[in-house]
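Descriptive structure summary
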Amino acid sequence: MVIVIPSAASIGVFSIAAVLLLLTPGPAVLYIVARSVEQGRIAGLASVCGITTGTLVHVLAAALGLSALLASSALAFAVVKYAGAAYLIYIGVRRILTRTDVQTSQSKLPKRSLGRLYRDGFLVNLLNPKTALFFLAFLPQFIDPSRGAVAAQITFLGLLFTLMGLTSDSLYALIAGAAGRWVKRSGRYLRWERYVTGSVFIGLGVTAAVAGTGRK
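A brief report on the enclosed structure follows. (Residues numbered from 1 in each chain as written. Predicted model: local features only at pLDDT ≥ 70, side-chain atom pairs only at ≥ 80, totals over all residues. Heavy atoms only, no water.)

Once that is clear, we can look at the nonpolar core. With 20 residues, the main nonpolar core has Phe14, Phe134, Leu139, Ile154, Leu157 and Phe161 as its most contacted residues. Listed by contribution, the elements that provide at least two residues to this core are α1 (8-23), α3 (41-72), α7 (129-138) and α8 (150-185). Setting aside chain neighbours within four positions, we find Leu157 in contact with Pro6, Ile11, Phe14, Leu139, Phe142 and Ile143. Membership of the second largest hydrophobic core comes to 14 residues, among which are Ala28, Val33, Ala43 and Leu117. (Core = buried A, V, L, I, M, F, W, Y, C linked by side-chain atoms within 4.5 Å. Buried < 20%, exposed > 50% of the residue type's maximum accessible area, 1.4 Å probe, protein only. Helix = DSSP H or I, 4+ residues; strand = E, 2+ residues; numbered from the N terminus. Contact = heavy atoms within 4.5 Å.)

Let us now look at the packing of helix α2 (residues 27-39) against helix α6 (residues 114-126). α6 packs onto α2 with a crossing angle of 160° between their chain directions and a minimal axis gap of 9 Å. As summarised for this structure, α2 and α6 are arranged roughly antiparallel, according to the angle between their axes. Crossing angle aside, the handedness with which α2 passes α6 is right-handed. Residues Pro27, Ala28, Tyr31, Arg35 and Gln39 of α2 form the contact with α6, whose own contacting residues are Leu117, Asp120, Gly121, Val124 and Asn125. (Axes fitted to C-alpha atoms, helices over the stretch in contact; angles between N-to-C directions. Parallel < 35°, antiparallel > 145°, perpendicular 65-115°, else oblique. Left-handed = near helix turned anticlockwise from the far one by under 90°.)

On to α2. With 13 residues, α2 extends 18 Å between its outermost C-alpha atoms, agreeing within 8% with the 18 Å of an ideal straight helix rising 1.5 Å per residue. The buried fraction of α2 is high, at ten of 13 residues. (Expected span 1.5 Å × (residues − 1).)

A cluster of nonpolar residues, Leu171, Leu174 and Ile175, forms a patch on the protein surface that exposes about 270 Å² of accessible area. Counting through the fold element by element, Leu174 comes out in helix α8. Residue Leu174 is classed as partly exposed on the basis of its relative accessible area, which comes to 36%. (Patch = residues over 30% accessible without salt bridge, like charges linked within 9 Å, V, L, I, M, F, W, Y side chains within 5 Å. Areas by Shrake-Rupley, 256 points an atom, 1.4 Å probe, with all protein chains shown as cover. Salt bridge = Lys/Arg side-chain N within 4 Å of Asp/Glu carboxyl O.)

Below is the structure:
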């Protein structure tokens, strides 16, 4: 059986976009840093495992849902792509305009067992809008229905994103003992973070819209 994957060009652009998203602090990254600071690297890595499991659920949902959508209506699939691009831009603008509550970000977290940390990490990423948006709004831009096996293409890109996320999240957990304390205490960083995050989302949305116009 031949496994169909996206083109090399699509994989390359997708990887760059994934790196930008993964390096942008979001709920999952902030959770990993906070847990690593409060309970050490092992606790951070336990949280990473839970977050990675949550990502795999998003991969499965995208593979099943987007494949079914394309099979039922190519027009509906196109609508999802363009609506997703517009929503990414909206999220970016809203993030820039939203002020960060520094005091809330600095609050201490209670101690948790490794099992509880895994479960909490799973729930954090399962309910993470950034991850859901990436799979439902941005990932379809790199799927070429003419190549066939849409579910296989989505699964391939989803697993690639998961592996990249596991690597970057583990690095965050390992260095959080040193850099994480500064990040947690730094009001200046938290004020600038919203501009960085918002700009990345706007860039992803624009890229998604441009990529969509070049596809049949």
